[in-house]
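# Inside the fold
Chain residues, written in single-letter form:
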Amino acid sequence: YTLRDLLQKFEFIRNLDSNPETKIVSLLGTIDSRDAILTAEKTHFIHNDTIRRQSIHPPLMTINSYKDPKKECHFFKTNDNKVKPVSDDELGMRDPCASEFSFVKGVVELKELTSNDNFHWALAVLREHIDENPTAKISVIWPATDVHIRRYDQQKLHIVKETPEMYQKIVKPFINEMSTFKKLEWVYKILYENSEQGRIIYKHYNELNANDGFILLPDTRWDGETLESLYLVALMYRNDIKSIRDFRPQHKDWLIKINSLLKSVIPPCYNYAIRADELRIFIHYQPSYYHLHVHVVHIKHPGLSGGLHDGKAIQIDDAIEYLDFLGSDGWNAASITYTIGENHPLWGRGLKDEVQKQLKEVNINEPPKVINSIK
Ligand code: M7G
């Protein structure tokens, strides 16, 4: 099925989540009687023409070489698959209002609401275009598993301090169950079967040292249009690190190399419209997928719907730095505090009980059943 077919067959069941800040809505439904999650996200406004044209002509990827990524990344693939160097004109910033798709020149309908003193409000319809100014990014997960549905469903969050003992007893067995080929198939398809090949931004791979390498590509969360919500993901070839818990001092040099490669490769890919120190580079704990991958996000990214802002993100710089202090067992020996939703399987599999135990140990009682009742 194409995404258009999937949309036509979608039968609504209920709302999963909606966030007016991030302008994302997720619905649960069925397609051919199997569960489906439909997500729509409004795209940002045009205010930098250069970036939009970039994403239409994605940068040419570099293979096996990161010696001079800047140079390589100044070449782009055009739609008819030719390689073209970037002109000076394309490198410069433009007047954001000049575009016929901007919210200045691109207003096709306007309904003035009110004005008061020096304040004026109106509703507007803007000119849209599928390449130049698309309205929204739509994605479908089908068939969706229970894990997907729980992940997207609105849920109550809790702060958990996971000790090394809790990791061994509760989390590690869960991670082993989640590390099957089937659950990580999309990762292997990108790494080994050319899935999403046209979207790859950078590939660092050397057959003699395959474990060293990674593939950098846009995360499905990114609309591919708005630089300020840039969201990339770097998938590592090595499969011996399932989560940050497996980081050991001997991984330090490698992690440092990955970190600086990401910082040096990404800015030229986007015409230096983003700088290295505007990139938030982090990993999640708990992640949804237990195969090492690194998130790279623009510092201005508004809300990461259950990611950065709810305490799952560990900056890669911190993860590296701590290896100096954690001893030979690395992150295996740390207590890690993070946020987890009640729908996460680990909450029911023991984290809930442990949190209650920890609170009792420091004499924090359960809240009374009725709070602030007025007699
Ligand atoms: P995570 O930390 O395991 O999960 O990150 P979480 O962020 O959901 O907590 C996995 C990342 O991979 C997420 O940012 C996903 O949006 C992204 N991702 C997931 N899938 C299935 C794909 C995919 O097929 N392609 C791409 N490019 N990214 C994906």
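Look up: the structure comes first, before these words.
Residues numbered from 1 in each chain as written. Predicted model: local features only at pLDDT ≥ 70, side-chain atom pairs only at ≥ 80, totals over all residues. Heavy atoms only, no water.

### Some points on the overall build of the protein
Per the secondary structure count, the protein includes 10 helices and 16 strands. Taken over 375 residues, the protein has a buried fraction of 42%. Put simply, of all contacts in the protein between residues at least 6 apart along the chain, 62% involve residues at least 24 apart. When the accessible area of the protein is evaluated, it comes to approximately 21,200 Å², of which 51% is carbon and sulfur surface. (Helix = DSSP H or I, 4+ residues; strand = E, 2+ residues; numbered from the N terminus. Buried < 20%, exposed > 50% of the residue type's maximum accessible area, 1.4 Å probe, protein only. Contact = heavy atoms within 4.5 Å. Areas by Shrake-Rupley, 256 points an atom, 1.4 Å probe, with all protein chains shown as cover.)

### Observations regarding the environment of Glu 128
Tracing the backbone through its elements, the reader meets Glu 128 in the loop between strand 7 (119-126) and strand 8 (136-141). Residues contacting Glu 128, with those up to four places away along its chain left out, are Phe 101, Asn 133 and Thr 135. A polar contact of 2.9 Å, which involves the side chain of Glu 128, links it to the side chain of Thr 135. (Polar contact = N/O pair within 3.5 Å; in protein donor to acceptor, adjacent residues only side chain to side chain.)

### Some remarks on the sheet that holds strand 15 (residues 313-315)
Across the sheet, which stays open at both edges, the 6 strands sit in the order 10-11-12-14-13-15 with antiparallel pairing between neighbours. Here the strands that pair on one side only, and so sit at the sheet edges, are strand 10 (202-204) and strand 15. Within this sheet the neighbouring strands show an average axis-to-axis angle of 30°, counted without direction. As paired elements, strand 10 and strand 11 (residues 214-218) share 3 bridges and run antiparallel to each other. Counterpart to Tyr 202 in the pairing with strand 11 is Leu 216. The strands touched by helix 7 (residues 185-192) are strand 11 and strand 12 (231-236); relative to strand 12, the strand with the most contacts, the crossing angle is about 80°. Its contacts with the sheet place helix 8 (residues 252-269) against strand 10, strand 11, strand 12, strand 13 (279-284) and strand 14 (293-298), and it is angled at close to 140° to strand 13. (Pairing = 2+ DSSP bridges. Axes fitted to C-alpha atoms, helices over the stretch in contact; angles between N-to-C directions.)

### Some remarks on helix 7
Buried within helix 7 we find Val 187, Tyr 188, Ile 190 and Leu 191. Viewed along the axis of helix 7, the buried residues span an arc of 160°, placing them on a single side of the element. Residues of helix 7 that are buried make contact with strand 11 and strand 12. Trailing helix 7 by a residue or two, Asn 194 shows a phi angle of about 60°, which is positive. (Arc of directions from axis to C-beta.)

### Description of the sheet that holds strand 2 (residues 24-31)
Pairing in this open sheet of 4 strands is antiparallel, and the strands run 1-2-3-8 from one edge to the other. A single partner strand is all that each edge strand has here, and the edge strands are strand 1 (11-19) and strand 8. Direction aside, the axes of adjacent strands within the sheet are offset by 20° on average. The pairing of strand 2 with strand 3 (residues 34-42) spans 8 bridges and is antiparallel. Paired with Thr 30 across the strands is Asp 35, a residue of strand 3.

### Details of the site of the ligand
Around the ligand, a shell composed of 18 residues is seen, among which Glu 196, Asp 219, Arg 221, His 284 and Lys 312 lie nearest. In the model, an oxygen atom of the ligand is placed 2.5 Å from a nitrogen or oxygen of the Asp 219 side chain. Here the ligand has 600 Å² of accessible area as a free molecule, and 89% of this is covered by the chains. Contributions of two or more residues to the shell around the ligand are made by helix 7, strand 11 and strand 14. Taken together, the residues of the shell around the ligand break down into 7 nonpolar, 5 polar and 6 charged. (Near = heavy atom within 4 Å. Nonpolar A, V, L, I, M, F, W, Y, C, P; charged D, E, K, R; others polar.)

### Thoughts on the nonpolar core
Core analysis: the largest hydrophobic core is formed by 56 residues, its most contacted members being Leu 216, Phe 247, Leu 262 and Tyr 270. The element contributing the most residues to this core is helix 8, with 8 residues. Beyond its immediate stretch of four places on either side in the chain, Phe 247 contacts Ile 241, Leu 255, Ile 283, Leu 292, Ala 319, Leu 323, Asp 329, Gly 330 and Trp 331. Of all hydrophobic cores here, the second largest spans 9 residues; its members include Leu 191, Ile 215, Val 233 and Leu 235. (Core = buried A, V, L, I, M, F, W, Y, C linked by side-chain atoms within 4.5 Å.)

### Comments concerning the pattern of salt bridges
For side chains of opposite charge, pairing can occur when their charged atoms come near one another. A full pass over the atoms with the stated rule returns 15 salt bridges. Here Glu 185 and Lys 182 are joined by a salt bridge, their closest N and O atoms 2.9 Å apart. Judged by its relative accessible area of 21%, Glu 185 falls in the partly exposed class. The exposed category is assigned to Lys 182, whose relative accessible area is 64%. (Salt bridge = Lys/Arg side-chain N within 4 Å of Asp/Glu carboxyl O.)

### Description of unusual backbone geometry
In the segment running from Trp 142 into Pro 143, the intervening peptide bond is cis, with an omega of -5°. In this fold, Pro 143 is placed in the loop between strand 8 and helix 5 (146-152). Cis geometry marks the peptide bond from Tyr 285 to Gln 286, where omega comes out at -5°. Its place among the elements puts Gln 286 in the loop between strand 13 and strand 14. Within the chain, Asp 117 stands out as a residue other than glycine whose phi angle is a positive 60°. Classification of Asp 117 by relative accessible area gives exposed; the value is 69%. Even without a glycine there, the phi angle at Asn 194 is positive, about 60°. Its place among the elements puts Asn 194 in the loop between helix 7 and strand 10.

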